[in-house]
There are 2 protein chains.
Amino acid sequence: MSTDDTNGEAPRRVRIEDVAAQADVSVATVSRALRGLPNVAASTRRRVVDVAEQLGYQPDPAAARLAAGRTNTVIAIVPHLGSWYFSNVVAGIEAVCTQAGYDVLVIGADEPSRVDRLIDERAQLDRRADGVVLVDLPVASELAESLVRRRVAVATVGWRVGDHPAVVLDDPAVGALAAEHLLHFGHRDLGVIGGDLDPIAFEVPERRLRGFREQCQRYGVDVAAERIVGGGFRLDGGYAAMAVLLEHDPPTAVFAMSDEMAFGALMALQERGLTPGVDVSVIGVDDHEFAHVVELTTIRQNVVDNGAAAARALLAAIQDPRTTTGDAEPAEAETPTFSLVARSSTGPLNGHRADRTLSSRLP
Amino acid sequence: MSTDDTNGEAPRRVRIEDVAAQADVSVATVSRALRGLPNVAASTRRRVVDVAEQLGYQPDPAAARLAAGRTNTVIAIVPHLGSWYFSNVVAGIEAVCTQAGYDVLVIGADEPSRVDRLIDERAQLDRRADGVVLVDLPVASELAESLVRRRVAVATVGWRVGDHPAVVLDDPAVGALAAEHLLHFGHRDLGVIGGDLDPIAFEVPERRLRGFREQCQRYGVDVAAERIVGGGFRLDGGYAAMAVLLEHDPPTAVFAMSDEMAFGALMALQERGLTPGVDVSVIGVDDHEFAHVVELTTIRQNVVDNGAAAARALLAAIQDPRTTTGDAEPAEAETPTFSLVARSSTGPLNGHRADRTLSSRLP
DNA sequence: TTGTAGGCGTTATCAC
DNA sequence: GTGATAACGCCTACAA
C-alpha cells in the first residue's frame, strides 16, 4: 500500500517531472502544455492537463520566478495603508491583480524614511515584482525613475510620472466644479482646506486649488491667501483648518479637498453652534460613505475603480512585450469620472432656512 | 574604462559569485558572512561585508527562496480590504513585517468564492509565504487547518483556530461594558445592532451579544429577540437596522457592535428628528476617527495594534525552530485592551437636556 | 511537435 | 574557518 494516506503529514510535493513521467512526455512539454504555449499537440495537451489535475500539480512560484525572471507579483505603494482613500485604491488593485493571477504586495510609506528606503536600490523592487503602482507619492519621482531604469512596469494613481499609465482625476475641473457650486449659491467669501500638511505632500492639492481659483476669477472673486489652509487630508487637519478659518474674517463657504477634511470642518462648525449649509457652506471631495450621514455636499469619485484601472493598465504594460524594448505606447489608463452630489452642507448665501431657529451667525 | 557609467541602461546584476571573487573567498563563505551565520572569521566577515556593500550586492529573493525553502513573506487575508477596521489591521501587520524584512501579500476575501479558492490547495499559500494572518474568517477554518498541515505558520485576529497565536478582544467583556453603561443610565429597553448580514459572518457578534445579555440579566433586564438586528458591520446596515428598531416598540438605548454601524444608526435617528443621547442613546465599538465628530460614545480599541500584535506573534512562530516539529508552545499573542469613551450619543433615560427644545419623542 | 540539457542565483552539506 | 558542489524546481534555447 502506498503511503499517501498517512494523514497529518505534509503531502510530498509533486513536481513537474512527476507529471512528465505520468503523462509520458518531457518536462519541457509539460511546461508548455500547462502554460498554454503554442507548439503542443492538442491531444498531448489534454493528456498533460489531465495528469496535472489528477496529481494536483502546481508549479512552484519561487522556481518559476528564478527560471523565468518574472515574479507574477505587483507592488502597491501607498502613503498610508489605513486611510480610507488609499485602502480603497488598494482594494481595487488587489481585485484586478488577484483575478489575473498576480500576487499583490503592499508597502506603506507613512514616513519619508520609508520612501527613501524604497528608492535605495537595496529595496530591489525590481526583483520582487514585475510592476509597481505608485499612489500619490510624487516625493518619490526618483523612485519611479529608478524603477523604470530597472525595467519594472510602473503605473500611478493621483499623479503622473513620465508617460506611464496614470489614473488621475481632472483635479482642476474638480476644483472648478466646487467653486462653481459655491459661487452659484452667491458665496463670495471663500475658504479652502487643502493639503500641505505633514506626511503627504502631493500634487493633488495644487491642481484642485488652481481650478478653484480660476473659476473664482471668472466671477471676479479672489481667494485670499489667508483663506487657504492646509489640512493634510485628514480629519483632524480639516478640523484645525476650519478653526483657523473661523478665527478671523471667516468665509461663508469652504471647499475642503477631501471628505475626511470636510468632516473635520463640519465638526468645528458644530462645536461653535454654526449650522453647515446655513451659516457656513462646506463642500468636499470623494463621496465617502459618511458624507451621506452628515449630509455633506461633495464631488464623487469611484476610488476603488481608480485602483482597478491603474492595475489593469499596469498588467497590460507588463504583458506587452514592447514594454521591455522601451518603445511601448503610453498605455494611457482610463480617466476617472466625477460628479457633484449636492446635500445640505451647502446652501445659498444668507440662506437661513425657515425651519431653523437655533442657528446663529458670527458677529 | 569600465562600462558601468553608461546611464539609461539597466545595471548588470551583481551576484554572490562576484562578491566572492572580489573578496577572494568562496560563495559559501559570502553567504554565511552576509547572513550572520557562525563559523566565519571576524576579519573575513568584515571584508565580505565591505565588498558586498561596495558592489551593492543583494541576494536575489527568488533564488534564496528556492534554495532555502523560505519565502520571507507573510500573507494577510481579510474579508474586505477597503473597510476601516481591516485596512487598519493590515497597516499594523505591514508595519511589523516590513520592519522585520518580510514582504506582505494581501488577499481580500470579499466573496465566499474567494475563500474557497484559498482553501483549494491550488492556491499554494504554503509555497508563497511562511506565515498567514487570518483576520475574522472563521468561515474558513478548513483553510486554517490545511495551512497548518502544510507547515505554514498561522496567526489570527478576531477569532481563534486551534491554539495558534490569536489576537482577540475580550468580546463578552466589551458587550458587558456596553450594557453596563446603558443600564447605568437607567435604560431598560435595549436594542442591539450586530453582525449577521451578508459577507461577513464571524464570531465576534455572538460573543459581544452574550456578554451584553449576561450583564443585562444581572439587572434583571431581558433583551427581546426582535430587538437584536443584524447590521453587517457596515454603515448602511446600521442605518437599516436602526430603522427596523424604530419601527415598532423602539428601545431607548442601542448597542451597535461597531462604530460604523453606530454612525448609520445615528443617521437614522437624525432623519427622524430624534436626538442621540436624548431620545435614543447609542453606543458603538472601535473609536473610529469619526466617533469624535458625531459625538459617539464608544468602546475604544487599538486596531492597528491588533494587526501588529498578530504579526509579531506570527513572526515569532515562524522563527521558532520548534514550530516545524509541531511542538512549539501556544505562543499566545497579547490581548488587546479596550476602554469606554463616553460622549454625548448616550445619556440618561428620559434625560432631555435643558438646552434642547427641538427634540421629540416617539409616540 | 517533442526532447535534451544548460542555466537561473542561492543555500546547505559535506569534506578539508 | 573555508571551499567545492549538489540540490532547489522550473524555463527555454536548441536540437531532433
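Numbering of residues starts from 1 in each chain and follows the order in which that chain's sequence is written. As they are written, the chains are lettered A onward and the ligands numbered 1 onward, keeping that order. Local features are withheld for residues below a pLDDT of 70 in this predicted model, meaning they are given only at 70 or higher, and side-chain atom pairs are given and counted only at 80 or more; totals for whole chains, interfaces and linings count all residues. Based on all heavy atoms of the structure, the side-chain values leave hydrogens and waters out of the count.

Participant: Provide a residue-level description of the protein's contact with DNA strand C, including the pertinent values.
Facilitator: Neighbouring residues are identified by heavy atoms, a residue being near a molecule or strand if any of them is within 4 Å of it. If you check the shell around DNA strand C, you find 25 residues, and the closest are Ala41(A), Thr44(A), Ile16(B), Ser31(B) and Ala67(B). Of all DNA strand C atoms lying within 4 Å of any protein atom, the proportion belonging to sugar or phosphate reaches 70%. Arg32(A) has a polar side-chain atom sitting 3.1 Å from a base nitrogen of DNA strand C. Note on conventions: DSSP H or I runs of at least 4 residues are helices, E runs of at least 2 residues are strands, and numbering of each starts at the N terminus. Here the element with the most residues in the surface near DNA strand C is helix H4 (residues 61-68) of chain B; it accounts for four residues. N or O atoms within 3.5 Å of each other form a polar contact, as long as, within protein, one can give a hydrogen and the other can take it, and as long as residues adjacent in sequence are counted only when both atoms are side-chain atoms.

Participant: Tell me what's going on with the protein's contact with DNA strand D, and back it up with residues and numbers.
Facilitator: Contacts to DNA strand D come from 26 residues, most closely from Ile16(A), Tyr57(A), Thr29(B), Ala41(B) and Thr44(B). For DNA strand D, the backbone makes up 70% of the atoms found within 4 Å of the protein, where backbone means sugar plus phosphate. One nitrogen or oxygen atom from the main chain of Ala41(B) is found 2.8 Å from a phosphate oxygen belonging to DNA strand D. Here Ala67(B) contributes a backbone N or O atom positioned 3.4 Å from a base oxygen of DNA strand D.

Participant: Talk me through the domain arrangement of chain A; I want residue IDs and the actual numbers.
Facilitator: Residue and element names in this part refer to chain A. Segmenting chain A into domains produces domain 1 (16-59), domain 2 (73-169 + 303-331) and domain 3 (171-300 + 340-358). Relative to domain 3, the C-alpha centre of domain 2 lies at a distance of 31 Å. Residues count as neighbours in contact if any of their non-hydrogen atoms are within 4.5 Å of one another. Each side of the interface is counted separately: domain 2 has 13 residues, and domain 3 has 14 residues. For the pair domain 2 and domain 3, the two sides together bury roughly 1,000 Å², of which 60% comes from carbon and sulfur. Any carboxyl oxygen of Asp or Glu within 4 Å of a side-chain nitrogen of Lys or Arg constitutes a salt bridge here. For the pair domain 2 and domain 3, the number of links is zero salt bridges. Only Asp, Glu, Lys and Arg are considered charged, only Ala, Val, Leu, Ile, Met, Phe, Trp, Tyr, Cys and Pro nonpolar, and every remaining residue, Gly among them, polar. Along the lines of polarity and charge, the residues of the side of domain 2 that touches domain 3 split into nine nonpolar, one polar and three charged. Residue ranges assigned to the domains are those given by an automatic or database domain assignment. Buried area: the accessible area, evaluated with a 1.4 Å probe, that two parts lose upon being put together, summed over both parts.

Participant: Please give an account of the side chain of Thr252(A) that cites residues and values.
Facilitator: Along the chain, Thr252(A) falls in the loop between helix H11 (235-247) and strand E8 (253-256). There is a polar contact of 2.7 Å between the side chain of Thr252(A) and the side chain of His187(A).

Participant: Tell me about the sheet that holds strand E7 (residues 228-230) of chain B, residues and numbers included.
Facilitator: Residues and elements named next belong to chain B. When DSSP locates at least two bridges between a pair of strands, those strands are taken to pair. Taken together, the six strands give an open sheet; going across it, the order is E7-E6-E8-E9-E10-E11, and neighbouring strands pair in mixed fashion. At either end of the open sheet lies a strand with only one pairing partner, and these are E7 and strand E11 (338-341). When strand polarity is set aside, the average angle formed by the axes of neighbouring strands in this sheet is 20°. Two elements, strand E8 (residues 253-256) and strand E9 (residues 281-286), share three bridges in a ladder whose sense is parallel. Following the sheet pairing, Phe 255 is matched in E9 by Ile 283. Angles here are taken between N-to-C directions and fall from 0 to 180 degrees, while the axes themselves are lines fitted to C-alpha atoms, restricted in helices to the stretch in contact. The strands touched by helix H12 (residues 259-271) within the sheet are strand E6 (190-194), E8, E9 and strand E10 (297-301), with E9 carrying the most contacts at an inclination of about 160°.

Participant: Explain the sheet that holds E8(A) to me, using residue names and the numbers behind them.
Facilitator: Residues and elements named next belong to chain A. The mixed open sheet is built from six strands, whose spatial order is E7-E6-E8-E9-E10-E11. On the outer flanks of this sheet lie strand E7 (228-230) and strand E11 (338-341), each paired with one strand and no other. Each neighbouring strand pair of the sheet contributes to a mean axis angle of 20°, computed without reference to strand direction. Contacting strand E6 (190-194), E7, E8 and strand E9 (281-286), H11 crosses the sheet at an angle of about 150° to E7.

Participant: Account for the nonpolar core, naming residues and giving values.
Facilitator: By size, the foremost hydrophobic cluster in this structure holds 92 residues, and its most contacted members are Phe212(A), Met242(A), Phe212(B) and Met242(B). Excluding residues that lie within four positions of it along the chain, Phe212(B) makes contacts with Pro172(B), Gly175(B), Ala176(B), Ala178(B), Ala179(B), Leu182(B), Leu190(B), Val192(B), Val223(B) and Phe255(B). Core analysis: the next-biggest nonpolar cluster, separate from the first, contains 64 residues, Leu315(A), Ala76(B), Tyr85(B) and Val106(B) among them. We define the nonpolar core as a collection of buried residues of types Ala, Val, Leu, Ile, Met, Phe, Trp, Tyr and Cys that are connected through side-chain atoms lying within 4.5 Å of one another. Any residue under 20% of the maximum accessible area for its type is buried, any over 50% is exposed, and the rest in between are partly exposed; the area is computed with a 1.4 Å probe on protein chains only.

Participant: Explain the relation of the copies chain B and chain A to me, and be specific about the residues and the numbers.
Facilitator: A rotation about some axis, followed by a shift along it, carries one copy of the chain onto the other. With an RMSD of 0.1 Å, chain B superimposes on chain A once it is rotated by 180° and translated 0.0 Å along the axis. In short, the pair behaves as if placed about a two-fold rotation axis. Within chain B, the C-alpha atom positioned nearest to the axis of rotation is that of Leu105(B), 2.2 Å from it. A shared binding surface is used by both copies, with 100% of the interface residues of chain B retained as interface residues in chain A. Least-squares superposition aligns the copies on the C-alpha atoms of those residues with pLDDT at or above 70 in both.

Participant: Which residues make up the packing of aromatic side chains, and what values go with them?
Facilitator: Each aromatic ring pair is described using two quantities: the centre-to-centre distance and the angle formed by the ring planes. By convention, a stacked pair of Phe, Tyr or Trp rings (six-membered ring in the case of Trp) has centres within 6.5 Å and planes under 30 degrees apart, an edge-to-face pair has planes over 60 apart, and any other such pair is tilted. Using the criterion set out here, one finds seven aromatic pairs over all chains in the structure. A centroid spacing of 4.9 Å and a plane angle of 75° characterise the contact between Phe263(A) and Phe290(B), whose relative ring orientation is edge-to-face. Here the residue Phe263(A) occupies a position in helix H12 (residues 259-271), and Phe290(B) occupies one in helix H13 (residues 289-293), the pair thus bridging two chains. Assessed through its relative accessible area of 2%, Phe263(A) is described here as buried. For Phe290(B), a relative accessible area of 5% puts it in the buried group. Joined through ring pairs, the aromatic side chains of Phe263(A), Phe290(A), Phe263(B) and Phe290(B) make up one cluster.

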